[in-house]
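If you want the building blocks of each chain, they are given just below.
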Amino acid sequence: MTNTTPLRRALSALAATTLLAGGLLLGQTATAPTAQAAGKTVTCHVEEMRKDAADLRAKAAKLQRLGAKAEARKARAQADALERRAQACIDSDNTAPKPFPR
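The present account deals with the structure reproduced in this document. (Residues numbered from 1 in each chain as written. Predicted model: local features only at pLDDT ≥ 70, side-chain atom pairs only at ≥ 80, totals over all residues. Heavy atoms only, no water.)

**Comments concerning the overall build of the protein**
Then comes step 1: Helices and strands together make up the secondary structure of the protein, namely three helices and zero strands.
Then comes step 2: In sequence order, the protein lays out its α and β elements as α-α-α.
Then comes step 3: Taken across its 102 residues, the protein has 13% of its residues classed as buried.
Then comes step 4: Sequence-distant contacts in the protein: of pairs separated by 6 or more residues, those separated by 24 or more amount to 55%. (Helix = DSSP H or I, 4+ residues; strand = E, 2+ residues; numbered from the N terminus. Buried < 20%, exposed > 50% of the residue type's maximum accessible area, 1.4 Å probe, protein only. Contact = heavy atoms within 4.5 Å.)

**Re the pattern of salt bridges**
Pairs may arise between side chains of opposite charge once their charged atoms sit close together.
Then comes step 1: For the structure shown, the criterion picks out three salt bridges.
Then comes step 2: With a closest N to O distance of 3.0 Å, Lys 51 and Asp 55 form a salt bridge. Of this pair, Lys 51 and Asp 55 both sit in helix α2 (residues 46-66), four residues apart, which is roughly one turn of the helix.
Then comes step 3: Residue Arg 57 pairs with Glu 83 through a salt bridge whose shortest N-O separation is 3.2 Å. (Salt bridge = Lys/Arg side-chain N within 4 Å of Asp/Glu carboxyl O.)

**Describing the state of the cysteines**
Then comes step 1: Tallied over the full model, the rule gives one disulfide.
Then comes step 2: For Cys 44, the disulfide goes to Cys 89, at an S-S distance of 1.9 Å. Residues Cys 44 and Cys 89 are joined through a disulfide that is left-handed, its torsion about the S-S bond being -55 degrees. Of this pair, Cys 44 sits in the loop between α1 (4-30) and α2 while Cys 89 sits in helix α3 (residues 69-95), and the two are 45 residues apart along the sequence. (Disulfide = S-S within 2.5 Å.)

**Overview of the nonpolar core**
Then comes step 1: Listed in full, the eight residues of the largest apolar core are Val 46, Met 49, Ala 53, Leu 56, Ala 79, Leu 82, Ala 86 and Cys 89.
Then comes step 2: For this core, the secondary structure elements donating two or more residues are α2 and α3.
Then comes step 3: If we skip the residues at most four places from it in the chain, Ala 53 touches Ala 79, Leu 82 and Glu 83.
Then comes step 4: Formed by five residues, the second largest nonpolar core is a distinct cluster that contains Ala 60, Leu 63, Ala 72 and Ala 75. (Core = buried A, V, L, I, M, F, W, Y, C linked by side-chain atoms within 4.5 Å.)

**What to know about α3**
Then comes step 1: With 27 residues, α3 should cover 39 Å at 1.5 Å per step; its first-to-last C-alpha distance of 39 Å lies within 8% of that length.
Then comes step 2: Taken residue by residue, α3 has Ala 72, Ala 75, Ala 79, Leu 82, Ala 86 and Cys 89 as its buried positions.
Then comes step 3: Buried residues belonging to α3 abut α2. (Expected span 1.5 Å × (residues − 1).)

**Thoughts on the environment of Arg 85**
Then comes step 1: Relative to the helices and strands, Arg 85 resides in helix α3.
Then comes step 2: Distance from Arg 85 to Cys 44, taken between C-alpha atoms, is 8.7 Å for residues 41 residues apart in sequence.

Fair warning: the whole summary comes from geometry, so function is off the table for now.
Have a look at this one:
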C-alpha cells in the first residue's frame, strides 16, 4: 500500500466540499426574488433616457473639441449606459408576460 490513499481521500473530500458549496450558491441565486415578485415596480421613461443620452453625447463632443478627452470618454460611457438601460426596458416590455384579459 502506498501513501497516495490519504491524498486521494483529501482530494475527494475537497471535491465534495467544493461541489456542495457551489450547489448551495447556485441554489441561492436561483431562488432569489425578482423585483416584480418582491412587490417593487420599476418605471422606465425611455424617451427621457434617450434625450439624456443625446445631451451627454453632445457634451462629450464639446469636451472632445476642447481637448478634455478623459471627460469626453466618461460622458460617452454614461450615454452608452443610458441607452443600454432604455433598450433593456423596451426588451423587458416586449418579453414580459401579459396579464390575462378579464
